[in-house]
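Listed below, chain by chain, are the residues.
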Amino acid sequence: MENNPDLSAAPGGKKSYGQGGWGAHAILITLSIIYLSDYADRFVHSSMISFIKADWNITDTQAGWLLSIVLIFITIFSLPASILIDRWSRRKMVSIMTFFWSIATLACAFSNNYWQLLTARAFIGIGESGYAPAGTAMLSAAYPEKRRALVMGIWNLFIPLGMGIGIVAGGIIAKRWGWQHAFGLVAVPGMLLAVAAWFLPDYKTVKTENDSSETKLSLRNELKKFIANLKVIFKTPSLVFTYLGFAMNVSITTALSQWLSSYFERTGMVKMGQGGTLAMLILGLVVFGSPLGGVLSDVWHKRKKEGRLYLPAVTSLMSAGLLFIAFLFPGKMLPQFPMLLLFGIVLTCFIAPGISVTQDVVHPGLRAFSYAMCVIVQHIAGDVWSPVIVGKLSDMIGLDRAVLFVPLYGVLASMFFFLASRYYRRDAENIEKIELEAE
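Predicted, not measured: the structure shown is a model, and the values here were computed from it. (Residues numbered from 1 in each chain as written. Predicted model: local features only at pLDDT ≥ 70, side-chain atom pairs only at ≥ 80, totals over all residues. Heavy atoms only, no water.)

A.B. asks: Give a detailed account of the nonpolar core, specifying residues and quantitative values.
C.D. replies: Core analysis: the largest hydrophobic core is formed by 113 residues, its most contacted members being Leu-31, Met-48, Phe-264 and Phe-343. Sorting elements by how many residues they give to this core places helix α11 (residues 237–266) first, with 13 residues. (Core = buried A, V, L, I, M, F, W, Y, C linked by side-chain atoms within 4.5 Å. Buried < 20%, exposed > 50% of the residue type's maximum accessible area, 1.4 Å probe, protein only. Helix = DSSP H or I, 4+ residues; strand = E, 2+ residues; numbered from the N terminus.)

What follows is the structure, encoded as structure tokens:
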């Protein structure tokens, strides 16, 4: 019997899928908790850097690679994982990948040296590489289209929650029982969730018009389609500049996710192991900044088309200024912490308009591909390197001075978003207007 979130009869005696119901809610709840586990496992090490450095005497550059290696392997394996998801099974891939990254996280607890830990972290990236595409596909199909945006919004709220839980839990557990225990404890929920995911409702894999017997196994045809889509993307200036603006701002959030806990501890604002709590308060403000940016950009967009990109250009520059001024007062709760809180809200205002642009200026048939390319660019051009760069600078001049260079990413983001705005109206008007039909 096929698993379906809604078992109402459909024409031909088939069971319908995609009408919501308790099955769909089970998918949303389970995938949301898995997302929380995903980001907790990815960022649990951030508040334990001081403990790991004390045990193994590694440099800050090496510590920076503990996050960057995860992002590199997500980038490498995201495309092949997505292809397998579309052509096989979403729930089975979610289950397998969740178990895989949980086992890799557990392996971190048994690492005897830096290189073993780095290798285990790389395998976390492999496991996490396809979760977002698989989860997006499952949730998009489980609910009616009119509720899809709300569902996606709820699901993505668990990213900062998971990040915050991982950072806080890492510091507390490391201080009481040792940092190895932190990896072990955060790995356990993922293993249990992997079992639950295996039994989630799913829909039958749908073949596309290109999946005929003549073409479905043709690497040459797939490569031709991929290259053709890339040409469309890179011939759209507003899209390319938006990708780069997105990448620069994500570089800030990734660098701070890695180093903010250590910064608070090293500058004397809190004791060792307690920096994660303050970091969580700042990084968790994406819950407010992201929807705020969406509302404000929509208002500006109605008055002037380019307002969709003016808002992230302005807020990126504002966040860069707030961050730079805050870092001029290391170790001082006032005025640093209130300014960092304001920075946390302003920075994430770019997310909603940035994602919207990736959909506004492409053909409807390329919208998924467009956002996938945004993710790849943000890793390659931005956040893969930012934790390592800050770590290298920290080794040279100290972490309190190294973070002063992070606001430069915000200045670059503002510049890229402004350049994108110069082409946005033209690129949007050139898109073929197609009325989408429900199945």
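A.B. asks: Describe the packing of helix α4 (residues 90–109) against helix α9 (residues 179–198), and please don't skip the residues or the numbers.
C.D. replies: One way to put it is that α4 packs onto α9 with a least axis distance of 7 Å and a crossing angle of 165°. Classed by the angle they form, the pair α4 and α9 counts as roughly antiparallel. Every pair of crossing elements has a handedness; the one defined by α4 and α9 is left-handed. A per-class count over the contact of α4 with α9 returns 15 nonpolar, 7 polar and 2 charged. (Axes fitted to C-alpha atoms, helices over the stretch in contact; angles between N-to-C directions. Parallel < 35°, antiparallel > 145°, perpendicular 65-115°, else oblique. Left-handed = near helix turned anticlockwise from the far one by under 90°. Nonpolar A, V, L, I, M, F, W, Y, C, P; charged D, E, K, R; others polar.)

A.B. asks: Describe helix α8 (residues 158–177), naming the residues involved and giving the relevant values.
C.D. replies: Along its 20 residues, α8 runs 27 Å from first to last C-alpha, staying within 8% of the 28 Å computed at 1.5 Å per residue. Of the residues trailing α8, Gly-178 is marked for its positive phi of about 110°. (Expected span 1.5 Å × (residues − 1).)

A.B. asks: Got a sec to walk through the packing of aromatic side chains? Specific residues and values, please.
C.D. replies: Geometrically, a pair of aromatic rings is defined through the distance of the ring centres and the angle of the planes. Evaluated as defined, the whole model comprises 17 aromatic pairs. An angle of 85° between the planes, with centres 5.0 Å apart, marks the rings of Trp-56 and Trp-179 as edge-to-face. Taken together, the positions of Trp-56 in helix α2 (residues 49–56) and Trp-179 in helix α9 put the pair 123 residues apart, joining distant regions of the chain. Residue Trp-56 is classed as partly exposed on the basis of its relative accessible area of 22%. Between the aromatic rings of Trp-179 and Phe-183, the centroid separation amounts to 6.0 Å while the plane-to-plane angle is 85°, which identifies the pairing as edge-to-face. With Trp-179 and Phe-183 both in helix α9 and 4 residues apart, the pair spans about one turn of that helix. A residue is classified by how much of its surface remains accessible, and Phe-183, at 0% relative accessible area, is buried. Residue placement shows Arg-42 over the ring face of Tyr-39; its charged tip is 4.3 Å from the ring centre. (Phe/Tyr/Trp six-rings, centres within 6.5 Å; stacked < 30°, edge-to-face > 60°. Lys NZ or Arg CZ within 6 Å of the ring centre and 35° of its normal.)

A.B. asks: How would you sum up the pattern of salt bridges? Please name residues and give values.
C.D. replies: Across all of its chains, the model carries 7 salt bridges by this definition. Put simply, Arg-42 and Asp-38 hold a salt bridge, and the shortest N to O gap is 3.8 Å. One end of the pair, Arg-42, and the other, Asp-38, are both in helix α1 (residues 22–43), 4 residues apart, so they sit about a helical turn from each other. As far as the burial class goes, Arg-42 and Asp-38 line up, both buried. Across the pair Lys-53 and Asp-60 runs a salt bridge, and its minimum N-O distance is 3.2 Å. A cluster of three or more residues bridged by salt bridges with shared partners is formed by Asp-38, Arg-42 and Glu-128. (Salt bridge = Lys/Arg side-chain N within 4 Å of Asp/Glu carboxyl O.)

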